[in-house]
Structure formats: C-alpha cells, structure tokens
Amino acid sequence: MEEIGMDPSAANPGPIDRSVLYDQDKHVSSAVWDGQERGALRCHEHTSKLGEWRLTPKQIELVEKAGFGYLRKIPAISLDNPLISALVERWRRETNTFHFTVGEMTVTLQDVAFLLGLAIDGMPVIGITYTTCGTVCEKYLGKAPDSTYASGGMVKLSWLKEFFSQCPENATIEEIEHHTRAYLLYLVGSTIFSTTTGNKVPVMYLPLFENFENAGRYAWGAAALAFLYRALGNASVRSQSTICGCLTLLQCWSYYHLNIGRPKLNRDPIHDHFPFVLRWKGKQSGPTTNRDVVFYRKALDSLEPCDVEWLPYKYMDSTVIPEEIRNSLVLGRSKTMLICFDKAERHLPNRVLRQYGMLQPIPEDVPQWVRKSRGVDGGVDLSGKMESELNEWADRALHIVDGDDDADENEYMVWYLRITRKVVGRPISLSSEFQRTIGGVREISYLAETFPLKGLLPEQFESISRIRSIAQECLRDQVGGTVVLSPIVGTELGKRTRGKERVRRKGTGKRRRSNDPMEGHGASEDESQYCGMVEVDQLHLHHTNDEVDHLPLCTTVLEGEAALLLDAPNKVDDMQLHDATDGIDASHFCDPSNEADNSNMLNSIGESDLQTAKTVEEVIPQAFELPDATNGNTNLEIHNETNKPEDSQGCNATNGINGPQTLVATDVNEAQIHGATDKVSESQPSDAVHSDQQMVKEEVEVVPQLSHENTEDLAQQGDNSVVA
C-alpha cells in the first residue's frame, strides 16, 4: 500500500485554493472521502414506453414542425447508473463543469445539437406556471385528468399514454392536435425534462405547443441543457440519491468524450446517422458486470489525457447534419444564461475551450450566484421575475468566446490543480489512516514522556509538558479513558508502579458480541471496546526459540468501579493469587518444568463441556509491570507447554484483595486459540514469588483440537480472550 506522504493528493485531495469550488463541504466528494458511500443514484428517465405510441403521418408532421423530429427517433438506451453516478461525483455546480484530472469538461450547447438534434438558438423556454391541471388540460388536450392522475400542476405520463397514444383514423384536426400535444408533453416529460417525481410531467409546457410552428422557434436544446445542469448540480450534493434530466444525453456525451465504460457497438458505423446519439442506440454489448460506482470512480481518478476525446465529432460525416443545426453551431460557444422556466444556469464555454479545438488559458472567475427559488403559483408568468437572465440570453450572440493562440496550458494546469478536487476516492482506507495517526500520536507521547527534562529552560519544560498533555488528550479521546503511556519494545519504565489486582469470577450464559464501531475483528487495534467502558492497548507476543519475548504492557486506566473485562466460555477451577505482602514489586511467574506459566490466564474448554460455559475469570488488575526476577530485564517470558511458540498467546493476570478498584487491562486484538495435546495438572509460581504468597493448584482438561467454528465463537467474545 502506498504511503500517504508519497502522494500529496492522498493527504489533501483539494481544493487547495477554494476561491472556485467554494461549496466543497456540501459536495458528495467530501462525503465519499469521509467514508460515506451513497451507492449508485436512482436515474429517472422514462423512455421505455415511448415506442408504444402510434403516430399518424399528420402527427409526425406536427412533431417535426414543433422541433422534435429528431428527438422522437431516439430509442430507449439502457442507462449505466454507476457510470452516471461517478460522473456526478465530478460535477461542480459552481462552474457547471466536470472537474477531471485533465482539466474541466462539460456538456455544451454544441453537444446538445449534435447528439439530440434540438435547436440551440431561438426563444427561451419560459411561460406561465400552473398549480392545477384541469383547466390547462381541458384547453389544450380536450380532456382533464381525474384526481388519481393529477397532482398539483403535474399529470401522470400513464394518463397521457392511456388516452392519447393511439389517434383514431377518422380523427378531426382538433383531435389530431390534442393527441399530438399529449405526445409532445409525454416526450419532453420522459426525456429532456424528466423529473424525480417518477412518472409525472408539469403541464406548464402545454401552452408552448398551442401553435406547432411557433413551438419550433423555441431553443429546446438550450432548455434541455439548463434542466440537465440543474439536475447534475442537485445530484452532486451529498444528501441526494436521485437524478433526473436527459440522462441519455449525459451518458452518450461520456461515451463520445471519455474512454471509460464505453460499450462495444453492435454495428460498424459505416455511415453516421443524425442525431449522433443513434450510434449507441439499443442495448450495447460489453463487459458491464461488476462495474459499480467505485470501479468508475477509480477510472476517473486515474484518467489520462489519452483517454479523452476533445473533438469526438471532428471526423463525423458533416453532410448528415441538418443545415439549420450547422448554421447555429457558432452559438455553442456563447457564454450566456440557459433558461428553462424557473431554471437558469450558466453556460461557460470559456472554461472548456479544448472541446472547441482551442488552447485553454486560465479562465476568468465565475461570479457566485444563488439559484433562486421562484414562486410557482398558478398563473404566474416567470418572464417578469427573470429579467436579467432573459437579457443575457438575448445578447448571447455578443458573447461568443474565442481562443488565445498564446495560451500556456502548462500554466493552466498548475493553476487548475490548486483550485480543483484532484481525486474523489481515497487512495488508502480510513482504517489504515486511523491506525497510522494513532501510532504517530503514541510515538509523540512516548518521546515527550521520556524526553530528559534536566537543564531545560522553563519555557522548554512548558512546551514539553504541553506536547505530552495534547498527545495524551488525543489518545484519551480515541480510546475512551485516561491514557497511561505505552512503553516501546525494549525500553523500561522510569518508575515502577505498585498495584493490587482482583480476580472476579462470573458465570456466562451467552456469548458477548463486540460492540466495536469498526465492526469487530476488522477494526483498528486502537479502537477495541470492552463492555462499552474499557479501552486497552495491544499485547504483542513475539515467538523466538520456544519463548515469547518483548511483551509490552500498554495500560489504560478507567476511573470508577471495576468493570467486566474477560468473558469466554471456559471451564476454569478456582484460582486466586493473593498478595500477602500488600503488593509485589518484582515478580516473575515461571514454571521450571516448562509446562505452563501462571502469569497466563489459562482458559480451556473441557472435553465434556464444549456447549455449556460455566465460569469465567475476570481480570481487574491495577497498573503493573512484571519484571524478570532472574535476569533483571522487563521482558516477560512465557513458555508454551508443548514447546511450540506459535501455539500460544497469553493474558497476564495477577490478583490482589481489598485494593482500589481501578481497572487496568492489556488488549489482545486478535486472539488465537490453539488446542494443546497435553493436560496441565498443576501450575505453580516459581521461587521468585514471595514465600508468603498463597499457592493455588488447578486442574484443567484441554481439548486436543478446537473446531474452526468454536474458535470463531471464542474470538467474538472479546479481543482479550486467549486459550493457551
């Protein structure tokens, strides 16, 4: 796994300069970075039943007059929800562009013209809003829906299809117009203006279809792009889970511009067809299984310039492009406001000049603007509320952006990498970062604790004390208790602590589950929780030549009454170690016959009692250290009864009576439970133990081999459960 320090974006994905992406905290990429996956978005586009409409030649003529002759030819395309969701994670509503690793890109007015064949020049799509359907439907469709098909100013698509999908052969002109308007409302409501309400469409578009020839003068392509921009902006907010708008346009734009998730064509495009979405018509063949959001996210995070097609239409057959579309393409470079009723969105081609075959300089700042929430009361004409936006659209021909032949794209990329979000997905996991951070804080705490204070100036002493306090405070916040410094392997504490321990026994009727927030065994070693009260550190057992060396004891003190620590289905006879001298300063527990060490809490399962757990030893020791009385070092040697060092891990426990009930524990994060082939009949402390200590013998029957299932059950009871 790559170290954080080796990749600056791993520590800070950006933006470093927030002058452009000022809404980063609300963006979905922040949630993803924090480990809050939302999965694939629900994509609302309702094109599956468009083919069930049967249009007469007269209806087709009216549809073409209204400007939707090409849109109606586009069949339903299978949406790739994970791909769309990954693209949304890169969309920024501050600039209405995608922020990729190679720079900014977006769906432009030219893309809409090429892909959908909709007009990008003409009158703005705006009009009167409605809060009820009855009157407007009666006027333009000749029929009003009942309450089961209408909601506010919206009507269900199913109602339109049920009553208007088949025009009678002997229909009058008025009836044909009614059926055609119903089709057009269904068409825009299921494609370019699809909503997140499911299968409903606002009836406010109906008056624009009153005169079909006049309807063809509207800039439906610009309105479709405004609607898509708004939908992308809404979906990019971390709290959203759905997206609407013309997702066929978005997905096919990605197919043309990015070599990611692009399916194989069912046919060889010998001759290009217009609109260019038809290249991807029908369900495509290609490996889409197991391509989830994370797959596409990683692909976009590692996007290379060679994966980008800046000019995908350059080699398309231009003769198939209608003349009215070709003549308006220059307006695709207009820096203007796009309008669709109450939605007004900025079109900023100056930020994506490479999509027009030009060099990309550093673009000018985008003025911050608040997307207004305009009233939708019945009978309100939005034209009076959007005067400035309408004026900007009217002057669109005056704001055609041009390239700069002297632009330095290297300078642009240096600037861009400071203002953008470089990656969305974390290069390494949150748990790994947590462990690294806690490990670093522990090391700082130890260095501050062991730093020589002799001869320091008062301000230096204060700084060291401050560092020590901050480090221990951070560790306490993480593990939930007052931190006692953990010595590093091979070092000894400057001051030994005396303590009394107490062993309490409690019957167990059911297994204890780990309530670790990181979910049990997969959790960080530094986040283990016991009974919701005690946090303990790590107990490392290193096997070397039939013995366990270097046993650091990292203790965590919890104030208050004694708490439960160990809960395992073990059969253990009465074993209590009493300190007759009110504390042991230096004691070493070792079995001279190399059978077992009484400093381990030997937990075994009886042969005849695998299913029923009778007793358990609860170790509630105070802060202590067990030095080696025979060789003078602090390393605790634990001998395995079968001389196999890989078969044992132990929990230290000694017992005292009437001592303070301050809890100290050592944490074994992943207990390994191995069967032993011998029977331990007696465990006695060696001569190093004080002569006044009371010896206690115990007989423990050891099962030769535990099944994998029993091993998992024991491990789930708590990370400190060990069977030697």
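Refer to the structure printed above.
Fair warning: this is a prediction, and the values are worked out from it, not measured in the lab. (Residues numbered from 1 in each chain as written. Predicted model: local features only at pLDDT ≥ 70, side-chain atom pairs only at ≥ 80, totals over all residues. Heavy atoms only, no water.)

S.K.: How should I be thinking about the sheet that holds strand 6 (residues 154-156) in this particular structure?
M.R.: Backbone hydrogen bonds are what pair the strands of a sheet, in a parallel or an antiparallel way. With antiparallel pairing, 3 strands are arranged side by side in an open sheet as 5-6-7. A single partner strand is all that each edge strand has here, and the edge strands are strand 5 (150-151) and strand 7 (200-202). Two strands pair when backbone bridges link them, and strand 5 and strand 6 are joined in this way by 2 bridges, in the antiparallel orientation. Within strand 6, the position partnered with Ala 150 by the bridge is Val 155. Packed on one face of the sheet, helix 7 (residues 157-164) meets strand 6 and strand 7 and runs near 60° to strand 6. (Pairing = 2+ DSSP bridges. Helix = DSSP H or I, 4+ residues; strand = E, 2+ residues; numbered from the N terminus. Contact = heavy atoms within 4.5 Å. Axes fitted to C-alpha atoms, helices over the stretch in contact; angles between N-to-C directions.)

S.K.: Please clarify how the sheet that holds strand 3 (residues 97-100) should be interpreted in this entry.
M.R.: Reading across the sheet, the 3 strands line up as 2-3-4 and stay open at both edges, with antiparallel pairing between neighbours. What marks the edges here is a single partner per strand, and that holds for strand 2 (91-92) and strand 4 (103-105). The pairing of strand 3 with strand 4 spans 3 bridges and is classified as antiparallel. Each residue of the ladder has a partner; that of His 99, found in strand 4, is Glu 104. Contacts from helix 15 (residues 409-419) reach strand 3 and strand 4 within the one sheet, and its direction differs from that of strand 4 by about 80°.

S.K.: Got a minute to help me understand unusual backbone geometry in this structure?
M.R.: That bond from Gly 14 to Pro 15 is cis: its omega, 0°, falls within 30 degrees of zero. Residue Pro 275 follows Phe 274 across a cis peptide bond; omega there is 0°. On the secondary structure map, Pro 275 appears in the loop between helix 11 (247-257) and helix 12 (293-301). Here the phi dihedral of Asn 96 falls at roughly 55°; this positive angle occurs in a residue that is not glycine.

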